[in-house]
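# Working through the structure, step by step
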Amino acid sequence: MELTKVNERIFLSSPHMSDEGYEMQYIKEAFDTNWISPLGENVNGFEKELAEKVGSKAAAALSSGTAAIHLALRAAGVGEGDIVFCPTLTFSATANPIIYQSATPVFIDSNYETWNMCPKALEEAFEKYPEVKAVIVVHLYGLSADMDKIMEVCRKHNVAVIEDAAESLGGYYKGQHTGTFGDYGIFSFNGNKIITTSGGGMLVSNNEEKVAKVRFWATQSRDQARHYQHSELGFNYRMSNVVAGIGRGQLKVLEQRVEKKKYIFEFYKRELGVHDGVEFMPVNDWDEPNYWLSSMTLSGQVRPIDVMEALEKENIESRPIWKPMHLQPFFEKYDFVGTDVSEKLFGNGMCLPSDTKMTNEDLERVVKIIKRLWLK
Ligand SMILES: Cc1ncc(COP(=O)(O)O)c(C=O)c1O
C-alpha cells in the first residue's frame with residue numbers, strides 16, 4: 001500500500017483521468033485521422049453520448065459552460081433590457097452571460113432545505129416582475145433544486161427555464177437527470193468539475209431545432225453559402241474534436257466518480273457531523289446528488305475560517321461557499337428578492353476537499369486536522 005505523504009497537496013477537486021486510458025484512445029484517434037478541429041467524430045459522439053446519458057434529445061458541445069449559458073439565453077430570446085431571474089448563491093459565470101446579452105439580472109435567495117433557489121422567493125419575484133423573460137436555476141454543489149415547485153411556478157408564468165447544471169452532472173431529481181427539466185440545460189467540463197475535458201461545456205435541450213441554432217451561432221453563424229455570408233451575429237464557441245475526445249473518455253467513468261464523491265461526503269459526515277454546530281449540505285429524499293463538493297455550515301465555536309486556515313497550513317485546499325451575487329461589487333446594483341439565507345450560508349459555510357483521487361489516508365488526514373480544532 002502506498003504510504004500517505006504528509007505534506008502532499010490535497011486538492012478541492014482536480015482532474016482525474018480514467019485508469020483505463022479511455023481519453024487517450026479517443027485523442028489518438030483524432031490525431032491519427034488529423035481531425036483536431038471543432039469538427040469530427042468525437043464532437044458528434046460526445047454530444048450523442050452525453051444526451052443519452054442525461055436523457056435529452058439533443059446536445060451542442062461548446063467551449064465552456066459559460067458559453068452554453070450565453071447561447072441558452074439567446075435561444076430563449078433574452079435580449080437588451082429583458083429581466084432574467086438568477087439565483088444569488090452561485091458562481092459569477094451563471095450571471096455574467098445575462099450582462100453579455102445586455103439584460104438585467106434579478107437575484108433570488110436560497111432556502112435552507114435545498115441551498116438552491118427558494119420557490120417562495122421566486123414567486124415573490126414574479127409578482128414584482130411579471131414581465132420577466134427567463135429564469136436560470138442552479139444545482140449547487142451537485143444538490144438539485146426543488147424542480148417540481150420551481151417548474152410549476154415558471155410554467156404558470158410561461159417563462160423560459162435554463163438549468164445551470166454545471167456542477168451537477170451525474171445527479172438526479174426524482175430519478176430524472178438535473179439539467180433536463182427546463183427548456184435548456186447546461187453542463188461544464190472545467191478542470192474542477194466531476195468530469196473534465198480541461199475546459200468545455202454542453203447545452204442540452206429537447207428542442208432539436210434550437211440546438212441546431214446554437215451550433216450555428218457557436219460556429220460564427222455561417223450561412224449556407226459558397227462564400228462567407230453572415231445574416232446573424234456569430235460566436236467562436238464550438239468544442240474542439242480533441243477536447244471532445246477527453247469528454248467521451250471521462251463520460252465512461254462518471255458513475256465511478258459520483259460513487260467516490262458520495263463516499264467522501266459520507267466519510268466527512270460520519271466523522272465531523274457529530275461535532276457541535278456542524279451541519280452538512282441537505283440531501284433531500286428526492287435528491288440523488290453527484291456530491292461534487294462536500295460542503296457544511298459551522299455555527300458553534302469552530303468557524304469556517306478556522307478550518308480553512310488549519311487545512312491550508314497543512315497544504316490542503318478548501319474554500320468558502322460562493323459569495324452571493326447581490327453582495328458582489330459588480331452586481332450589487334441589481335435587485336434581490338429574499339431574506340438572508342444565502343448570506344448566512346456564505347457566512348457559515350465551506351467546501352471540504354472532495355478530490356476523487358483522495359485515499360482513505362488523505363480523508364483521515366483532513367478530519368484529524370479539523371477535529372483538533374474542537375479540542376482547543
Ligand atoms: C454554477 C456554475 N455555473 C457556470 C459555470 C461555468 O462553467 P465554465 O467554467 O465551463 O465556463 C461554473 C463553473 O465553472 C459553475 O460552477
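For the structure itself, look to the data block above.
Right, let's walk through the structure included here. (Residues numbered from 1 in each chain as written. Predicted model: local features only at pLDDT ≥ 70, side-chain atom pairs only at ≥ 80, totals over all residues. Heavy atoms only, no water.)

## Considering the site of the ligand
Around the ligand sit 15 residues, and of these Thr66, Asp164, Glu167, Ser188 and Lys193 come closest. In this structure, an oxygen atom belonging to the ligand sits 2.4 Å away from a side-chain N or O atom of Thr66. For the ligand, an oxygen atom lies 2.6 Å from a polar atom in the side chain of Glu167. About the coverage of the ligand: the protein hides 93% of its 380 Å² of free accessible area. Where the shell around the ligand is concerned, the elements lending two or more residues are helix H3 (65-75) and helix H4 (92-100). Looking at the shell around the ligand, the element that brings in the most residues is H3, giving three residues. Of the residues assigned to the shell around the ligand, the class counts are four nonpolar, eight polar and three charged. (Near = heavy atom within 4 Å. Polar contact = N/O pair within 3.5 Å; in protein donor to acceptor, adjacent residues only side chain to side chain. Areas by Shrake-Rupley, 256 points an atom, 1.4 Å probe, with all protein chains shown as cover. Helix = DSSP H or I, 4+ residues; strand = E, 2+ residues; numbered from the N terminus. Nonpolar A, V, L, I, M, F, W, Y, C, P; charged D, E, K, R; others polar.)

## Some remarks on the nonpolar core
The biggest cluster of nonpolar side chains holds 63 residues, and the ones touching the most others in it are Leu50, Tyr141, Leu169, Phe187, Phe189, Met202 and Tyr268. Sequence-distant contacts of Leu50, that is, excluding residues within four places in its chain, are made with Leu169, Phe187, Phe189, Met202, Val204 and Leu251. (Core = buried A, V, L, I, M, F, W, Y, C linked by side-chain atoms within 4.5 Å. Buried < 20%, exposed > 50% of the residue type's maximum accessible area, 1.4 Å probe, protein only. Contact = heavy atoms within 4.5 Å.)

## Comments concerning empty space enclosed by the protein
Unfilled space is identified by rolling a water-sized probe across the atoms. Counting across every chain of the model gives two cavities of 30 Å³ or more. Each pocket or cavity is described by its volume, and for the largest cavity that value is around 50 Å³. If you go around the largest cavity, the residues you meet are Ser13, Ser14, Pro15, His16, Gly191, Lys193, Ile194, Thr196, Arg257, Lys261 and Thr356. Across the lining of the largest cavity, the residue classes tally to two nonpolar, six polar and three charged. When we break the lining of the largest cavity down by domain, the ones giving at least three residues each are domain 1 (2-15 + 254-375) and domain 2 (22-251). Space inside the second largest cavity adds up to approximately 30 Å³. Lining the second largest cavity we find Ser56, Gly179, Thr180, Gly182, Asp183, Tyr184, Gly185, Val204, Ser205 and Asn206. Listed by contribution, the elements that provide at least two residues to the lining of the second largest cavity are strand E8 (184-188) and strand E9 (201-205). Each residue belonging to the lining of the second largest cavity can be placed in one class, and the counts come to two nonpolar, seven polar and one charged. (1 Å grid on protein atoms, 1.4 Å probe; cavity = no way out; pocket = protein on both sides within 12 Å on 5 of 7 lines; lining within 4 Å. Points joined across faces, edges and corners; volume = space filled by probe spheres on them. Domains from an automatic or database assignment.)

Just distances and angles here, no functional claims.
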